[in-house]
Amino acid sequence: MASISLEYGTSGCWRGAVSEAQLLWQFRGPDALPDPAAVIAEALNNPLDFPALRQALVPDDKVTVVLDRDIPSAAELIAGIWNVCQGAGIAPENFTILQPISLTSLRPDDPRRLLSESVRRAVTWKIHDPSDTDGIGYLASSSDGERIYLSRDVLNADFVLPIGRLGFDPVQGRRSAMSSFYPGLSNTEAFAKSRGQGHSELGPDDERPIGQRIQEIGWLVGVQFSVLVMPSSGHGGAAVVLAGQPDSVAQQGRGLLDDNWRIKVDQRGETAIVSIPAGADNPTGWDQLGDAIQAASRLVVREGRIIVLSDLAAEPGPGIGILRSCRSARAALQPLRKESPPDLVPASQIAAAADWASVYLLSKLAPSLVEELFMTPLESEAEVTRLIESCDGCIIVTGAQHVYSEILE
């Protein structure tokens, strides 16, 4: 028997056993850094293809740190960057932390929590408001003629430092340090133009217009230094921190992401058992559920089983509401495309997976809600254990929301 341990949510952990005959494949991503503060300090002092960060700063600089959503060890990163800025003579009043708005995520925790009280009061933390026209200015016209508008906290900064999450993305292919710039720091028109479904027929490295737009905006802003963080497979925490010249960071990050979170298996299984671990600062949301279910659906045969372990408790968005109102999961795909709600991507991912396989979900959602989404609710780990006892051809994945899965031809 193979012993299985699957972390999920902020503190959950299911433990069980699967026979060698049942187990087809098991995957677990990288562990969290034991001392993220030390690794962050080293990355900032010895970056890739760039002098130490402190050498790029002068005392009068206005520094804007663009912090993407769902960044592991975000508070430790902010504390480490502030220590460098403070050493370079930057006043806390000139240090701004700017996060993109998300129409599908909960409000993030304050990333200033590790700063001293006096510094925390002086440092500005903002979540961008795309409807605030006074807070948005014109950057430039893109290569295809679109006028690009961005937050004035970016446009007026002397030094812009983006922090991104290394990860696969259903719309962009891969996330980059600049992913939060567009549409997250732009206006409402940019959100409307960029909203769309994931491209399931494309791989992470296939060209996508929005990815090209984001990279162009980074160049127009004049980003000199960036940070990328790769998530671990446990309850939050960073596995890797890269800092330095943006192209060098992106290139090294691509290789690390593929090595740690890209799954290639020889054949589909009858059952995929996947978990969604979360950090205390980054609770499980519908985006994470959608990404995990999509990764699982690529690993199972038609009419197979997907078992998802999570602690999802977030309120459903309008796209999830459309799915609930339809007579079948497949029937929801067309109205979702037509209405294009803010949570179009996770709603479509869930609908497509429920149409492909039988989905069982352990969560903190009301069982009736789960059933309306064409999934079977699981109310305890004991139910998970009973399901797994009868599974065949099992593929087990911890941290499925970070995975890009594919079947080798």
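Placed above this text is the structure.
Residues numbered from 1 in each chain as written. Predicted model: local features only at pLDDT ≥ 70, side-chain atom pairs only at ≥ 80, totals over all residues. Heavy atoms only, no water.

Concerning the packing of aromatic side chains
Part 1: All told, the structure shown has six aromatic pairs when counted by the stated rule.
Part 2: Between W25 and F27, the ring centres sit 5.9 Å apart and the planes meet at 10 degrees, which makes this aromatic pair stacked.
Part 3: Geometrically, the ring pair formed by F168 and Y404 is tilted, given 5.6 Å between the ring centres and 45 degrees between the ring planes. Of this pair, F168 sits in strand β10 (residues 168-169) while Y404 sits in strand β20 (residues 404-407); the two residues are 236 residues apart in sequence, bridging distant segments of the chain. Residue F168 shares its accessibility class with Y404, and that shared class is buried.
Part 4: Members of the aromatic cluster, joined through ring pairs, are W25, F27 and W261.
Part 5: Above the face of the Y138 ring, R147 is positioned so that its terminal group lies 4.1 Å from the ring centre.
Part 6: Against the face of Y182 rests R213, its NZ or CZ located 5.9 Å from the ring centre. (Phe/Tyr/Trp six-rings, centres within 6.5 Å; stacked < 30°, edge-to-face > 60°. Helix = DSSP H or I, 4+ residues; strand = E, 2+ residues; numbered from the N terminus. Buried < 20%, exposed > 50% of the residue type's maximum accessible area, 1.4 Å probe, protein only. Lys NZ or Arg CZ within 6 Å of the ring centre and 35° of its normal.)

Structural notes on the sheet that holds strand β3 (residues 23-28)
Part 1: Here we have six strands laid out as an open sheet, ordered β3-β19-β15-β16-β17-β18, and parallel in their pairing. Of all strands in the sheet, those bounded by a partner on one side alone are β3 and β18 (376-378). Each neighbouring strand pair of the sheet contributes to a mean axis angle of 15 degrees, computed without reference to strand direction.
Part 2: Bridge analysis of strand β17 (residues 358-362) against β18 gives three bridges, and the strand direction is parallel. Following the sheet pairing, L361 is matched in β18 by P377.
Part 3: Across the sheet, helix α8 (residues 286-297) lies against β15 (269-275), β16 (300-309) and β17, angled at about 145 degrees from β16, the strand it touches most. (Pairing = 2+ DSSP bridges. Axes fitted to C-alpha atoms, helices over the stretch in contact; angles between N-to-C directions. Contact = heavy atoms within 4.5 Å.)

Focus on the side chain of Q401
Part 1: Among the structural elements, Q401 can be located in the loop between β19 (394-398) and β20.
Part 2: Polar contacts involving the side chain of Q401 include one to the side chain of H402, which spans 3.5 Å.
Part 3: Filtering out sequence-adjacent residues up to four positions away, Q401 remains in contact with S275, I276, P277, Q288, D291 and A292. (Polar contact = N/O pair within 3.5 Å; in protein donor to acceptor, adjacent residues only side chain to side chain.)

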